[in-house]
Amino acid sequence: MSNKNSDDQKYSSILIVDDLPANLKLLGEILKAEGYKIRQVSSGELALQVADLEKPVLVLLDIMMPGIDGYEVCRRLKMSPALKEIPVIFISALNEPHDIVKALSAGGVDYITKPFNAEEVKARVSTHIKLYQQSKELQELNATKDKFFSIIAHDLRSPFVGLLGLSQILEDDAKTMTPDAIEEFAGMLNKSAKTLFTLLENLLEWSRMQQGTISYNPEPLSLSTKVNECLTLVKDLARNKEIETISDVAGNVEILADERMFETIIRNLVSNAVKFTPTGGKIIISAKKPAESYDNHVMISVSDNGIGMTRELLSDLFKINVKTGRDGTDGEPSTGLGLMICKDFIEKHGGKIWVESEVEKGSVFSFTIPATGTR
């Protein structure tokens with residue numbers, strides 16, 4: 001790739017739309033030489049379908065095409081909530097001022113006239129991809145800030161209110177309460193304190209992660225050993241709801257992971273499963289050994305037979321700007337922050353996380369992590 005493009009732009013996906021094969025070929029060759037991933041289509045209808053499926057970072061769009069023209073393609077892209085932010089550069093033989101104004105009014109960010117100059121195309125493409133990426137980063141930073149303040153203002157306040165209320169009752173009435181009542185209130189205080197501690201722990205972890213101050217030190221780890229250790233840490237949560245936790249992990253599987261990050265991933269996923277599984281339920285942690293389809297990664301799954309999730313909730317689960325927290329089956333509070341931490345830590349290892357779920361039948365959270373020997 002040319003050094004004119006930043007590392008962040010490498011392999012960025014660009015959609016080229018033109019009904020003339022010669023133009024598609026020429027533009028494709030210019031941008032492939034720069035290291036971009038190219039998708040070429042010859043009609044407006046196909047462009048809309050491909051954009052919806054692949055979400056390119058930039059569209060190079062001809063105007064005069066059979067069927068719907070470039071103006072209409074751009075307008076439809078800008079009407080889609082999922083596609084409206086994608087920059088569109090028009091490349092056309094039309095060079096009258098009113099043609100350019102019409103293209104920009106339809107939502108285009110730039111206009112290049114044919115015959116085009118290769119260096120000009122590369123420069124404008126690079127500039128608009130950088131601007132797009134910077135805009136996305138700014139949106140994510142704002143969403144992170146909003147999430148942080150939302151947790152402090154609402155989710156962190158609620159456990160404190162409960163803790164203060166219970167301690168106030170004990171202070172006022174302890175002398176007249178029976179031992180059984182005192183024991184019951186002590187148990188509720190302990191539960192509130194644990195909830196608050198977990199939330200603070202996740203909040204601090206997430207804050208350090210956003211600041212880039214968390215060190216990443218992968219090392220060979222016995223998967224079954226680490227899973228069993230993590231299950232021990234959450235056994236009290238599971239025991240309180242009479243939930244059975246089972247490790248179905250072979251003893252000879254070894255992973256290459258940062259120990260603290262991996263423990264945080266498993267602890268959060270199992271705690272999340274406990275939260276949304278009713279009394280008497282079951283949680284199973286399983287693993288599949290490295291396979292070609294996982295690129296020498298182990299696939300680990302945490303499955304439960306809990307309340308499951310709707311399709312709408314699933315689609316928003318890892319979006320920081322959407323609130324997905326909901327109470328557990330025993331009224332346990334949830335912010336969705338633990339899952340965000342899991343996602344970031346798994347991606348730090350070069351892995352992926354995904355979810356399968358069905359309402360009232362349960363959920364399966366699966367993720368991949370490098371096996372020993374991977375780099």
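Summarised in this report is the structure supplied together with it. Since this is a predicted model, take the numbers as computed values, not measurements. The residue count restarts for each chain, going from 1 along the sequence in the order it is written. The predicted nature of this model means local features are confined to residues of pLDDT at least 70 and side-chain atom pairs, given and counted, to a pLDDT of 80 or more, with totals for whole chains, interfaces and linings taken over all residues. Side-chain metrics in this entry use all non-hydrogen atoms of the structure; hydrogen atoms and water are not considered.

**Observations concerning the pairing of strand β8 (residues 254–258)**
Phase 1 of the analysis: Within β8, four of the five residues are buried, which leaves the element mostly enclosed by the surrounding structure.
Phase 2 of the analysis: Whether two strands pair comes down to DSSP finding at least two bridges between them. In DSSP terms, a helix is any run of H or I states spanning at least four residues, a strand is any run of E spanning at least two, and both are numbered starting from the N terminus. In terms of strand pairing, strand β6 (residues 218–222) meets β8 through five bridges, oriented antiparallel. What sits directly across from serine 222, in β8, is glutamate 254. Think of it in three bands: with a 1.4 Å probe and only protein chains considered, a residue is buried below 20% of the maximum accessible area for its type, exposed above 50%, and partly exposed in between.

**Details of the sheet that holds strand β5 (residues 110–113)**
Phase 1 of the analysis: What the five strands build is an open sheet, ordered β2-β1-β3-β4-β5; its pairing is parallel. Only two strands of the sheet have a single neighbouring strand rather than two, namely β2 (37–41) and β5. Across this sheet, the average inter-strand angle for adjacent strands is 20°, counted without regard to direction.
Phase 2 of the analysis: Summarising the sheet, strand β3 (residues 58–61) and strand β4 (residues 88–92) pair through three bridges and their orientation is parallel. Bridge pairing links leucine 60 to isoleucine 89 in β4.
Phase 3 of the analysis: Contacts from helix α1 (residues 21–32) reach β1 (13–17), β2, β3 and β4 within the one sheet, and its direction differs from that of β2 by about 170°. Axes here mean lines fitted to C-alpha atoms, for a helix over just the part in contact, with angles spanning 0 to 180 degrees between N-to-C directions. Residues count as neighbours in contact if any of their non-hydrogen atoms are within 4.5 Å of one another.

**Points about the nonpolar core**
Phase 1 of the analysis: Here, nonpolar core refers to any group of buried Ala, Val, Leu, Ile, Met, Phe, Trp, Tyr and Cys residues whose side-chain atoms link them within 4.5 Å. Judged by nonpolar contacts, the single largest core of 43 residues is most densely connected at Leu223, Leu269, Ile285, Ile300 and Phe367.
Phase 2 of the analysis: Elements supplying a minimum of two residues to this core: α8 (223–233), β8, α10 (259–275), β9 (282–288), β10 (297–304), α12 (337–348), β11 (353–358) and β12 (362–370).
Phase 3 of the analysis: Looking at this core element by element, the count peaks at eight residues for α10.
Phase 4 of the analysis: Beyond its immediate sequence surroundings of up to four residues, leucine 269 is in contact with Val302, Leu339, Cys342, Ile353, Phe365 and Phe367.

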